[in-house]
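# Geometric and topological summary
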Amino acid sequence: LLSTDWLPLLLLSADWLERLQVFVIPHSHMDVGWVYTVQESMHAYASNVYTTVVEELSRVKDRKFIAVEQEFFRLWWDTTASQWHKKQVRQLLQEGRLEFIIGGQVMHDEAVTDIDDAILQLTEGHGFLYETFGVRPHFSWHVDPFGASATTPVLFALAGFDAHLISRIDYDLKDDMQKNKKLQFVWRGSSSLGRTQDIFTHTMDQYSYCTPSYLPFSNRSGFYWNGVAMFPDPPKDGVYPNMSLPVTKDTLEPYAQTMVKNIKQRAQWFQTNHVLWPWGCDKQFYNASVQFTNMDVLMNYINKHSEEFGVTVQYATLKDYFQAVHQSNLSWEVRGSQDFLPYSTEPFQAWTGFYASRNVLKGVARRASSLLHSAESLFVRYRIRYPDGPVQKEWALDKLKALRWAVSEVQHHDGITGTESPKVADMYMDHLTQSMMSVEELLAAMFLLPQDLAISSHIIVYNPLAWNITTYINVSVKYPMALVSDDNGLAVPAQIQPSAESVADYDLFIVVELGGLQYRKYLIQFPQSKCNKGSSCGLTHAARVVTFETRNVSKWKKTGRRLLPVLNECYKLLFDQETNLLHSITDRLRKVRIRQDFWEYEANGDVHTGPISDNYIFTANELAVLAYKSVAMQIIPGKIISEVRQYFYREESDKNYTYSMITRVPVGFKDRILCQRLDQSYGMGPLVVNKEAVLRTTTSLSNNRTIYTDNNGYQMLKREYKQYINNSVSRNYYPMVREAYIEDDSSRLALLSERAHGVASLGQGQMEVMLHRRLWNNQEWNLGYNLTLNDSSVVQPVLWMMLGSPAAMATLSQQGALYLQHRPVVLPIDKPRELRPWIPVVLPPNLHLQYLSIPGWCYGPSHVQHLQNLNLGGEGKPEKDFDRVLLRITHLFEEGEDPVLAKPTTINLKEVMQGLGEVKTVQERSLTGTWDISDLQRWNWRTTENTGMIIFYVTISPKQIRTFFIYFK
């Protein structure tokens, strides 16, 4: 009798008219970080991967290899590769036997990365590849990010990709897709862009990107003949741990049977007779010779017996596989803008913890990105205005390139996720902070050197957004009074008060009005004698702190009876003096009950007693508990902001608070975004070990536990609460990169964020944000790699809270999130350089100037010309191009989201950019700049459409991102 396990394979062989065509794709998954630093990885294995792969591909003509992340390759190219290796790389690329896949600096995370940073790292990698080889990647290989965003396929389509590949999706969903042969589909990641930017997507089966290692005839792993990489040094004798049994006369047939059985099992999960068989895994092919030598023999044997086995095998690149599938000419199901988040590997392993892991790193990464965004546009303005200096252009570009590299590097799926070891987190932080300091040096040089605030000082305030803004900035000073005047010598409204951070400092809030991409100078003076109100005080208001009695939770009686109002032009906030907590907010339409406080989940650290939480995984074994027993409150009524300070104590007897919340209510402003934003900053840490801290906002909204969260800051997705047999709390957490909101028919409550967090709606009218985690567990794997997340840091994240009608919030919150991300840059300086005033650059409110930079990469005037230049140019470094400006503009709204703002918008780039200079030519490009859009023809999977090129006048439709090269006279 036949085993039922084999029945599908026999039926498959009988039904298939053709033999299975197997594409064996050699690859090495090379994490830019994770357990080991980039430097450690280069030394232990990464450098040897490229050296030996190039040598082995050059030896035998049918061998192939795909290279994915660019950081290791760029380091190898610049520091290790010989001239012979470089020549062979060019030859292998021409022959199509070495293929660059994705081509980004890293394989970026998809849950907690901001869209701007995902595009940046892709642009950096693509720029290097195109400049160096004239190569433009066509396919993705997103095999390891922990869940798949619907934004990523849109970006890859915009970059000119023909197909997309993912792997890590929810275990039960993948099982269902396998059974129903639905692992391949056409993904329309944006509902507004629809078929114009859809992309064929292949989901890897249950074996993912690693070769199945089980051998029934050996106790060693199979198909990994070079073994496992060793750290810190490669073994001198070349013998690595766990090297697979060699392919010999005795093992050849068993190896073949094992491989063919796995091929046939996988084939039944797909619709065509083409089988993608990844050969490789983490840190593989550092000895490509032993790898290919064994596999050559095995594949030759299978092909000689192909009739018997029913398969043919070949070395392949990803292009070979996707081309075969494309030529099958099948019709594919369409998937809409749903993503594959969150991701679980089994019922008690919900990978939702990393949304909040290493909060400090997440914050620094986004601050670095924001600084880069500002510095790039400032350098463009400076370079156009002062083409001959005095700031040396090569020096400036090197500073910017270093920060681009650091921001790109940390987007790795074990970087900004917080899932790396402590020494790797330190590496990311060091690269970010050092390059941020260098860029701050550049900013200072463009105006003049900075100095500490003394008796008086100038500050430069720069608005990096292409909108006119009115806002306030906060400057920390050492004196209790300060006078502020603008660049015309006129007094500027300001407010000064004791700092919440330090008893030795004062917070000076200054009202600033700035045009788009415009800077202004302000003079701050500190009077040495007492300031008489109404005369020498100018327009500065000295605000005073009012302290309220600390309230113990155990003594709370009837609440809601002693309510204290804090007012501005948009809201009335009521604080309950019985609890010292927020009680309600009234906007123009209605009163909404709102309470905000801190709760904690207790994590299990013992694998023998139940599921654990770690860097990756959040497991709520019990409901969260209140994290405090008493609350203190101070209120500072003001004329620019009114500030409410709340301090939460773990125990009634504690002298030091565990949590703090500072809410700033703007006062006296007509600007809707400024008026309707409540600026909240939080302080917490060090946490007790195995605590996961959340801010819980409980309201009277009837949202039915439905929450809306953003996908990488690009689009909002509806998240309805799902009840699971196990682990419902953890599996209803989602990433929040820029925004999350809950709503009912009348009101929407939105939280805007300047770094990524985890967010959920676990109860009616409730939204909780996980802000910090500190964990330890005794799982052997976590201990071995130091991945227990014993994070003892103090974190200070910021959220802006906005409340209003759903229609009003739809028009305000997206701009508001960008106001938060790109707050004005404040530069203390000595006497500023006398610069001519800068004309503002202003876009309509539904369009955002996503990026403005001088990339510096050398692209030829045309693709053909660029390839000819490469063929003639040898190995020298190409000259940097300082005249080409990259401009990227995005439409913020979805189709139908607003009756006015969600319409296609036409602008004249020549007019819009005249604040920078006179535009000479405009050329539309692909997302990363390597394609002239008129040359870009992506594969047609029966639904794809292409866009064209328009000079000067461009129309940008809802959710479009359009990229241009601009040349100025």
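The structure contained in this document is the topic of the report that follows. (Residues numbered from 1 in each chain as written. Predicted model: local features only at pLDDT ≥ 70, side-chain atom pairs only at ≥ 80, totals over all residues. Heavy atoms only, no water.)

There is a patch of like positive charges on the surface, built from Lys557, Lys558, Arg561 and Arg562. Within the fold, arginine 562 resides in the loop between strand S19 (546-552) and strand S20 (563-567). (Patch = residues over 30% accessible without salt bridge, like charges linked within 9 Å, V, L, I, M, F, W, Y side chains within 5 Å. Areas by Shrake-Rupley, 256 points an atom, 1.4 Å probe, with all protein chains shown as cover. Salt bridge = Lys/Arg side-chain N within 4 Å of Asp/Glu carboxyl O. Lys, Arg positive; Asp, Glu negative; His and termini not counted. Charge placed at Lys NZ, Arg CZ, Asp CG, Glu CD. Helix = DSSP H or I, 4+ residues; strand = E, 2+ residues; numbered from the N terminus.)

Throughout the structure, instances matching the rule amount to 64 aromatic pairs. On the basis of an interplanar angle of 70° and a centroid distance of 5.9 Å, the ring pair of phenylalanine 185 and tryptophan 187 is categorised as edge-to-face. Comparing phenylalanine 185 with tryptophan 187, the two get one shared label, buried. Clustering of aromatic rings is evident, with ring pairs tying together Phe65, Phe217, Phe223, Trp225, Tyr255, Trp277, Trp279, Phe285, Phe292 and Tyr315. The ring of tryptophan 800 has arginine 677 lying over it, and the distance from NZ or CZ to the ring centre is 3.9 Å. Lying across the ring of tyrosine 724, arginine 731 places its NZ or CZ 4.0 Å from the centre. (Phe/Tyr/Trp six-rings, centres within 6.5 Å; stacked < 30°, edge-to-face > 60°. Buried < 20%, exposed > 50% of the residue type's maximum accessible area, 1.4 Å probe, protein only. Lys NZ or Arg CZ within 6 Å of the ring centre and 35° of its normal.)

Next up on the list: the environment of threonine 609. Along the polypeptide, threonine 609 turns up in the loop between strand S23 (591-602) and strand S24 (625-626). Among the polar contacts listed, one links the side chain of threonine 609 to the side chain of asparagine 604, at a separation of 3.0 Å. (Polar contact = N/O pair within 3.5 Å; in protein donor to acceptor, adjacent residues only side chain to side chain.)

Within the secondary structure, tyrosine 343 sits in the loop between strand S9 (334-335) and strand S10 (344-346). Here the alpha-carbon distance between tyrosine 343 and valine 769, two residues 426 residues apart in the chain, equals 18 Å. The contacts of tyrosine 343, once residues within four sequence positions are left out, are Phe146, Gly147, Arg168, Ile169, Asp170, Gln349, Ala350, Trp351 and Tyr355. A distance of 2.9 Å separates the side chain of tyrosine 343 from the side chain of arginine 168, its partner in a polar contact. (Contact = heavy atoms within 4.5 Å.)

As a packed pair, helix H12 (residues 359-385) and helix H13 (residues 393-410) sit with axes 10 Å apart at the nearest point and diverge in direction by 155°. Judged by the angle between their axes, H12 and H13 are roughly antiparallel. Considering how the two elements wind past one another, H12 and H13 form a crossing that is left-handed. In this structure, H12 contributes Leu361, Ala365, Ala368, Ser369, Leu371, Leu372, Ala375, Glu376, Phe379 and Arg383 to the contact, and H13 contributes Lys393, Ala396, Leu400, Leu403, Arg404, Val407 and Val410. Residue classes in the contact of H12 with H13 are distributed as 12 nonpolar, 1 polar and 4 charged. (Axes fitted to C-alpha atoms, helices over the stretch in contact; angles between N-to-C directions. Parallel < 35°, antiparallel > 145°, perpendicular 65-115°, else oblique. Left-handed = near helix turned anticlockwise from the far one by under 90°. Nonpolar A, V, L, I, M, F, W, Y, C, P; charged D, E, K, R; others polar.)

Strand order in the open sheet formed by 10 strands is S19-S25-S26-S27-S28-S37-S34-S33-S30-S31, with antiparallel pairing between adjacent strands. The sheet terminates laterally at S19 and strand S31 (715-719), the two strands that pair on one side only. Strand-to-strand twist of the sheet, defined as the mean angle between neighbouring strand axes without regard to direction, takes the value 20°. Sitting on the sheet, helix H18 (residues 806-821) is in contact with strand S33 (739-743), strand S34 (748-753) and strand S37 (798-804), with an inclination near 160° to S37. (Pairing = 2+ DSSP bridges.)

Coordinates in, geometry out; function isn't part of it.
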